[in-house]
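Examination of the molecular architecture
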Amino acid sequence: MQSCKSPLRYPGGKSRIADWIISLMLPHKRYYEPFVGGGSVFFHGPPFTERAILADKHRGLVSFYRCLKYKPGQFIALLRREVKKYGNGKTLFDRWASRRDLMEKWGRMVEQGVQYYILNRLVWGGRVIYDPERLSRLYFSNTKGLENLETRIKELMLASRALQRATVFCDDGLSLLPMVESDDLVYCDPPYVEASNLGKFSKVYEHVFTTEDHVRLAKALNACRGKVLVSYDNSPLAMKLYEGWRVYKRETSYCLPGQHSKADEIVFANFDVEKNA
């Protein structure tokens, strides 16, 4: 699969360490990513991948990916028209942030895909939250998010090409795991444990992931028949849930507006990377 850059800004994205994560992967028949998010690892081009199954619960994000796969021409045309008419700043952002009709139900894939992309490029930290109770977290911040539009469009078209080999589900991904076979590979990047403990209005994702969800995920992955890699923060809960798995660690930087910190990224594997490399 040809490597490209994710066209999205995404909290907790793995663009800085995608090479390292991919270096832990083994040959596989199908590639599963149940929490695809910004898709940095997928778009970076896991080796051997001919068929990918991706999932995320965010309806707008899934519409964006499906639109790039099935209707990239219509997506680009609408994006160009909107930027030409409303500019690439706050006026454009407010126009699409006010479209609650697109946030609340399926049915208008091109508009929903463009909405998600515009908001993602211009919102604070790349976090696109449709929850009516947390609309205060959806505000204009990134004045440069849609500069150099033609460069952005080239990124989008490369992403569209990569998505031709993928099927994208609107789901938390766990329902896909029973389909995984022994020669498949699963890369799982759930919300960090630390993120799950944040207050409601501090959470960076549309859907809350609780401690019980972490336990449910670990149970499903422990029963999975394929090769599995799981990304986490360096938390006691994660260490307990994946006890007996092989542990790989890499220091990385995390950036949000006004914040820059370093921390260890932990990847758990249910196979021996060195032994099978």
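Sequence order as written defines the numbering, with residues in each chain counted from 1. The model is predicted, so local features are restricted to residues of pLDDT at least 70 and side-chain atom pairs to those at 80 or more, both for listing and for counting; the totals for chains, interfaces and linings are taken over all residues. Side-chain calculation: all heavy atoms of the structure are included, whereas hydrogens and water are not.

Here we take up the packing of aromatic side chains. A pair of Phe, Tyr and Trp rings is counted when the ring centres sit within 6.5 Å of each other, with Trp represented by its six-membered ring. The angle between the planes then sorts it: under 30 degrees is stacked, over 60 is edge-to-face, the rest tilted. In the structure shown here, the tally under the stated rule is 13 aromatic pairs. Between Tyr232 and Tyr242, the aromatic rings sit 5.7 Å apart at their centres with planes inclined by 45°, giving tilted as the arrangement. Of the two residues, Tyr232 is situated in strand β5 (residues 227-233) and Tyr242 in the loop between α11 (236-241) and β6 (246-256); the sequence distance between them amounts to ten residues. Pair check on accessibility: Tyr232 and Tyr242 agree, each one buried. Counting from the N terminus, the helices are DSSP H or I runs at least four residues long and the strands are E runs at least two residues long. Throughout, exposure labels follow a simple rule: accessible area from a 1.4 Å probe, protein chains only, divided by the maximum for the residue type, with under 20% read as buried, over 50% as exposed, and the rest as partly exposed.

What follows is about helix α7 (residues 109-122). The end-to-end C-alpha distance of α7 is 20 Å, a good match for the 20 Å that 14 residues give at a rise of 1.5 Å each. Most of α7 is tucked away: 13 of the 14 residues are buried. Every helix has an expected span of 1.5 Å times one less than the residues it contains.

With that settled, the discussion passes to the nonpolar core. Core analysis: the largest hydrophobic core is formed by 62 residues, its most contacted members being Phe64 and Phe75. For the purposes of this section, nonpolar cores are sets of buried Ala, Val, Leu, Ile, Met, Phe, Trp, Tyr and Cys residues that join through side-chain atoms within 4.5 Å. Listed in part, the 25 residues of the second largest apolar core include Leu174, Val230, Ala238 and Tyr242.

Attention now moves to the environment of Pro178. Locating Pro178 in the fold gives a position in the loop between β3 (166-170) and β4 (185-188). The class for Pro178 is exposed, based on a relative accessible area of 56%. With 43 residues separating them along the chain, Pro178 and Leu221 place their C-alpha atoms 9.6 Å apart.

Below, the discussion takes up the environment of Gly87. Here Gly87 shows up in the loop between α4 (72-86) and α5 (90-97). Sequence separation between Gly87 and Glu147 is 60 residues, and the spatial gap between their C-alpha atoms is 9.8 Å.

A separate point is the pairing of β4. The side-chain alternation of β4 yields two buried faces, one formed by Leu185 and Tyr187 and the other by Val186 and Cys188. Bridging between strand β1 (residues 31-33) and β4 involves two bridges; their strand directions are parallel. Across the sheet, residue Tyr32 finds its bridge partner in β4, namely Val186. Note on pairing: DSSP must find at least two bridges between two strands before they are called paired. For β4 and β5, the ladder comprises four bridges, and the chain directions are parallel. Among the inter-strand pairings, Leu185 is bridged to a residue of β5, identified as Lys227.

Let us now look at the pattern of salt bridges. A side chain with one charge may pair with a side chain of the opposite charge, provided their charged atoms come close. Salt bridges, as used here, are contacts in which a Lys or Arg side-chain nitrogen is within 4 Å of a carboxyl oxygen on Asp or Glu. Under the criterion given, the structure shown has 18 salt bridges. Between Lys90 and Asp94 there is a salt bridge, with its nearest N and O atoms 2.7 Å apart. One end of the pair is Lys90 and the other is Asp94, both in helix α5 and four residues apart, which spans about a single turn. Residues joined by salt bridges that share partners form a network here, namely Lys29, Arg30, Glu181 and Asp184.

Moving on, we get to the packing of helix α3 (residues 59-70) against α7. Viewed as axis vectors pointing N to C, α3 and α7 meet at an angle of 115°, and their least axial separation amounts to 7 Å. Once α3 is placed against α7, the crossing between them reads as left-handed. Contacts between α3 and α7 pair Gly60, Leu61, Ser63, Phe64, Arg66, Cys67 and Tyr70 from the former with Met109, Val110, Gln112, Gly113, Tyr116 and Tyr117 from the latter. Gly is put with the polar residues, along with every residue not named as nonpolar or charged; the nonpolar set is Ala, Val, Leu, Ile, Met, Phe, Trp, Tyr, Cys and Pro, and the charged set is Asp, Glu, Lys and Arg. Counted by class, the contact of α3 with α7 contains eight nonpolar, four polar and one charged residues. Angles here are taken between N-to-C directions and fall from 0 to 180 degrees, while the axes themselves are lines fitted to C-alpha atoms, restricted in helices to the stretch in contact. Crossings are sorted by hand: turned counterclockwise from the far helix by less than a right angle, the near helix makes the crossing left-handed, and turned clockwise it makes it right-handed. Contacts: residue pairs with any heavy atoms within 4.5 Å of one another.

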